[in-house]
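Below, each chain spelled out in residue letters.
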Amino acid sequence: MSKNLVIVESPAKANTIEKYLGGDFKVLASVGHVRKDTKVDKTTFDVTYEIDPGHKQIISELKKEAKAAEKVWLATDEDREGESISWHLSEVLGLPKDTARITFHEITKPALEAAIKAPRMVDMDMVASQQARQTLDMLVGYDLSDIVRRKVPGAISAGRVQSPALRLIVEREKEIEKFEGKSSFKVSGRFLKDAEFEATYDGEALGDEASAKELLESFKGVDFKVTDVEESEGTRANPVPLTTAALQIEANAKLGFSSRTTMTAAQGLYQAGLITYHRTDSLNLSKQAVAAAAGYIEAQFGKEYLKVRSFKTKSAGAQEAHEAIRPTDFSRTVAGKNDYEKRLYQLIWARTLATQMANAKVAKTTVRLNEHFVAKGEVVIFDGFLKVYGKSKDLELPRVEVGDAVSCLSITARQVFAKPPARYTEGSLVKKLEELGIGRPSTYAGIMSAIQVRGYVVKGESEGTEREVVELRLQDGAVSRGMVKEKFGANKGKLLPTPIGELVAGFLTENFKNIVDYKFTANIEKDLDLVAEAKLARVKMLQDFYGPFRDTVLIANGVERYNNARLLGHHPETGQPIFAKIGKNGGFIQLGDNEKEAGEKPRFAPLPKRKSVKTVTLEQALRQLELPSLPRVLGVSDEVELIAASGPFGPYLKAGKYNIPMKEFDPYTVSFEEALPLYRAKVDSIIADFGEIMIINGAYGPYIKGPGRRNNVKVPKDVDPKGISLEQAKEMLENKPKTRRRAPVRRAAKKTAKK
């Protein structure tokens, strides 16, 4: 038995740490939380904790090893969540209150040795803060979700921090809907002096085509010459170190990663000892890290590239960690076990080095032609930090002097439209939440995931719509008019509220103003910081919040069901009312009153594409009602009817016992000829059909599908799927790897937070 038992959170982290600590230390993982809070007393805020049955074996092993060890070290993550896990471990394992608690910002030998030399006790103020956050989220989640489910059609739940994030997205969409995209004309010219260059007209704005044409006509026969030349040197400042929010923003912008992908990759890098702790809002870099970065920069690029800097954290509540995210070894330029980790590591490595490098220097040139044409050039004369981070494209102008004549090749006036406010991406939404003080580093990825999993927000897929714009051109002494095509309105990767998301945000804004109020939510975060600093008692903080919140819940219980339906008008032939409504699967058109009121079932049709309940017109609704009803029989193949239908997961083709997704087709208009290849492909993918059990050749190789949902098992590579019998298929399904599930709780130990 080892003299020392070190308990961390993850097995991957345990393996890395054990390599550094030597034979006197055994490192085991709790595999996250060993207990969960399942009930809160709404008067005293006592919390009932229940041991996770899935952790029973782990707890049994930890108890055995803790009893045998001379000393136990609690080494869970250094944030509040990690502090809470250490406390739960102490309680469950029956460890003394003075059990050594150690934290480290990176998994390296020096950091671990330093942590072992400076142990402390579990910080109960940090534990109280984490308990307060979890209690708040549980109280709000239970009470608010219950109201939302009953009052908003299609709603699943609502959360304390996710709700303001949803409101931001919905409000941005409203701004876009109200935006008037007025057009004007932008004028630019192509000129020649030794080399071709472009200059932009900076005179009065041209609001219509007539003004633009008149201006171009005025340039006929004009001789252009250089009237002014300005040259100056400027700098581009290097970036600051990465916090958790900045990492998610950069990874989204530069790599296209979602917040969840970024944090998963960062966790893998941290657990492997490749980067420092990835949940932080600190900009600080340790003296050792700065020295290591400086040494690498000087050795690889030269002394002129080095500019040592220190950074101060802006946030007064930067409690989550003590250092920014950085590599643990700057000489390691490539690291990570998969492509996501490697790309993220490269970004972290380059960004951190850039913080200690000299500014880039640029030479700027501004050339003015006649009165209103300006050409701007910029050339990097010293790349500095751009050597490793960022991009720069030189825009070089020909050498000219005041008085030089230049040739005008053409002048173009092109119609341009004002752009509406940009929709949020995951990265820009994280940035906005950080600016408002909503959430903390450890919560951003969860917020992004929650609003999408609940179906309140989706990521756009449109590359944009084409439109024609007017282009006037003066060339060879004549003005011509043409039309050119451009794309607008692209939303690919942007966060779009669904109709249900808009309903939920509207309901919460009307009935729970505090929950979606940005300042109120940010102030809660400040209160949680005060709890962690022992400046505010946990129970007092919860009382101040929950009392008014409970009163609001009671009032909201009496409001009517929130549907936001629109009466569009009446059918010209039958006189029946036509509504645009929102249901559990999104927006739809309804012809006729509800069945309870009218005595007959109304007719339904989908909303037109790119239309919402708020924007659809009566004429558009009437056209939609002319569509055939679903499900719709398309034809017969091999004595099997092919039926187009639509369900909660989108359009699908029903063919006998097969339900085949057909997202690329509209179920109302898809033809038999279009649907037939989908059916054929499905039939061809079936290697063996034993009734309830099938062997299918899927996108990731052959697998066995059993009865029920998610009852699948992959066929091993060394097994021929065509040779598997029914009995073998049953055996493989029975012996498939078990997924971890939370079993029913059998016993609970009640613990009360006294803070």
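Residues numbered from 1 in each chain as written. Predicted model: local features only at pLDDT ≥ 70, side-chain atom pairs only at ≥ 80, totals over all residues. Heavy atoms only, no water.

## A closer look at the overall build of the protein chain
Thought 1: Counting its secondary structure elements, the protein chain contains 21 helices and 29 strands.
Thought 2: For the protein chain, the spread of C-alpha atoms along the three principal axes comes to 95 × 80 × 65 Å.
Thought 3: In the protein chain, which comprises 755 residues, the share counted as buried stands at 48%.
Thought 4: Counting contacts in the protein chain only where the partners sit at least 6 residues apart, residues at least 24 apart contribute 67% of the total.
Thought 5: Of the roughly 39,000 Å² of accessible surface on the protein chain, a fraction of 49% belongs to carbon and sulfur atoms.
Thought 6: Within the protein chain, the 102 negative side-chain charges are centred at a point lying 5 Å from the centre of the 117 positive side-chain charges. (Helix = DSSP H or I, 4+ residues; strand = E, 2+ residues; numbered from the N terminus. Buried < 20%, exposed > 50% of the residue type's maximum accessible area, 1.4 Å probe, protein only. Contact = heavy atoms within 4.5 Å. Areas by Shrake-Rupley, 256 points an atom, 1.4 Å probe, with all protein chains shown as cover. Lys, Arg positive; Asp, Glu negative; His and termini not counted. Charge placed at Lys NZ, Arg CZ, Asp CG, Glu CD.)

## Some details on the nonpolar core
Thought 1: With 68 residues, the main nonpolar core has V148, F512 and I589 as its most contacted residues.
Thought 2: It is helix α5 (residues 124–151) that provides the largest number of residues to this core, a total of 9 residues.
Thought 3: Aside from chain neighbours lying at most four places away, what touches F512 is L144, I147, F507, F549, T552, V553 and A556.
Thought 4: Ranked by size, the runner-up nonpolar core spans 54 residues in total, among them L21, A75, A115 and W349. (Core = buried A, V, L, I, M, F, W, Y, C linked by side-chain atoms within 4.5 Å.)

## A few points about the sheet that holds strand β24 (residues 658–661)
Thought 1: Taken together, the 4 strands give an open sheet; going across it, the order is β21-β22-β23-β24, and neighbouring strands pair in antiparallel fashion. A strand with exactly one partner marks an edge of an open sheet, and here the two such strands are β21 (632–637) and β24. Strand-to-strand twist in this sheet, taken as the mean axis angle between neighbours without regard to direction, amounts to 30 degrees.
Thought 2: As judged from the 5 bridges shared by β21 and strand β22 (residues 640–647), these two strands associate in the antiparallel manner. Across the sheet, V633 pairs through a bridge with I643, a residue of β22.
Thought 3: Seen against the sheet, helix α20 (residues 672–685) touches β21, β22, β23 (650–655) and β24 and runs at an angle of roughly 60 degrees to β21. (Pairing = 2+ DSSP bridges. Axes fitted to C-alpha atoms, helices over the stretch in contact; angles between N-to-C directions.)

## Thoughts on the side chain of H571
Thought 1: Structurally, H571 is set in the loop between β17 (566–570) and β18 (577–583).
Thought 2: Looking at H571, the relative accessible area reads 17%, which means it is buried.
Thought 3: Not counting chain neighbours up to four residues away, the residues in contact with H571 comprise Q576, I578, L591 and L622.

## Looking at the packing of aromatic side chains
Thought 1: According to the stated counting rule, one finds 23 aromatic pairs in the structure shown.
Thought 2: Aromatic side chains Y49 and W87 sit 5.9 Å apart centroid to centroid with 70 degrees between the ring planes, which places their arrangement in the edge-to-face category. Here the residue Y49 occupies a position in strand β4 (residues 47–51), and W87 occupies one in helix α3 (residues 80–93), the gap between them amounting to 38 residues.
Thought 3: Ring pairs connect the aromatic residues F45, F507, F512, F520, F545, Y546 and F549, which therefore count as one cluster. (Phe/Tyr/Trp six-rings, centres within 6.5 Å; stacked < 30°, edge-to-face > 60°.)

## Topic: helix α1 (residues 11–21)
Quick reminder: α-helices carry 3.6 residues per turn. Residues three or four places apart thus point the same way.
Thought 1: Buried within α1 are the following residues: K13, A14, T16, I17 and L21. Projected onto a plane normal to the axis of α1, the buried residues spread over an arc of 170 degrees and lie on a single side. Facing away from the buried surface of α1 by more than 90 degrees, the exposed residues are N15 and K19.
Thought 2: Its buried side turned inward, α1 meets β1 (4–8), β2 (25–29), α4 (109–117) and α9 (259–271).
Thought 3: Looking one or two places after α1, you find G22, whose phi comes out positive at around 90 degrees. (Arc of directions from axis to C-beta.)

## Here we look at the packing of α9 against helix α13 (residues 444–453)
Thought 1: Contact geometry of α9 with α13 gives a least axis separation of 8 Å together with a crossing angle of 140 degrees. Judged on the interaxial angle alone, α13 and α9 are oblique. Regarding α9 and α13, the two cross each other, and that crossing is left-handed. Where α9 abuts α13, its residues S259, R260 and M263 lie against A445, G446, M448 and S449.
Thought 2: When its residues are assigned to classes, the contact of α9 with α13 shows 3 nonpolar, 3 polar and 1 charged. (Parallel < 35°, antiparallel > 145°, perpendicular 65-115°, else oblique. Left-handed = near helix turned anticlockwise from the far one by under 90°. Nonpolar A, V, L, I, M, F, W, Y, C, P; charged D, E, K, R; others polar.)

## Some thoughts on the sheet that holds β1
Thought 1: Pairing is parallel across the open sheet formed by 4 strands, whose spatial order is β2-β1-β5-β6. Strand pairing shows two members of the sheet lacking a second neighbour, β2 and β6 (100–101), which therefore form its edges.
Thought 2: Judged from the 4 bridges that link them, β1 and strand β5 (residues 71–74) form a sheet pairing that is parallel. Across the sheet, residue L5 finds its bridge partner in β5, namely V72.

## Describing the pattern of salt bridges
Side chains that carry opposite charge are capable of pairing whenever their charged atoms lie near each other.
Thought 1: Considering all chains together, one arrives at 37 salt bridges under this definition.
Thought 2: In this structure, the salt-bridge partner of E83 is R101, at a minimum N-O distance of 2.9 Å. Of the two residues, E83 sits in helix α3 while R101 sits in strand β6, which places them 18 residues apart along the sequence. One exposure class covers both E83 and R101, and it is buried.
Thought 3: A single salt-bridge network, built from bridges that share partners, covers R80, R440 and D529. (Salt bridge = Lys/Arg side-chain N within 4 Å of Asp/Glu carboxyl O.)

## Observations regarding the packing of α3 against α5
Thought 1: Remark: α3 packs on α5, axes separated minimally by 8 Å, with the N-to-C direction vectors making an angle of 105 degrees. The orientation of α3 with respect to α5, classified from their angle, is roughly perpendicular. Contact residues: α3 offers R80, E81, E83, S84 and W87, while α5 offers M124, M126, V127, S129, Q130, Q131 and R133.
Thought 2: Residues belonging to the contact of α3 with α5 are distributed by class as follows: 4 nonpolar, 4 polar and 4 charged.

## Quick notes on unusual backbone geometry
Thought 1: The omega angle of the peptide bond from L630 to P631 is -5 degrees, so this bond is cis rather than trans.
Thought 2: Take P631: it is sitting in the loop between α19 (618–625) and β21.
Thought 3: The backbone phi angle of F45 is positive, close to 65 degrees, even though this residue is not glycine.

## Brief notes about the pairing of β23
Thought 1: As defined by bridge partners, β22 adjoins β23 across 6 bridges and the pair is classed as antiparallel. Looking at β23, one finds that L642 is bridged to A655.
Thought 2: From the end of β22 to the start of β23, which pair antiparallel, there are 2 residues.
Thought 3: In terms of strand pairing, β23 meets β24 through 4 bridges, oriented antiparallel. The partner of K654 across the bridge, within β24, is N659.

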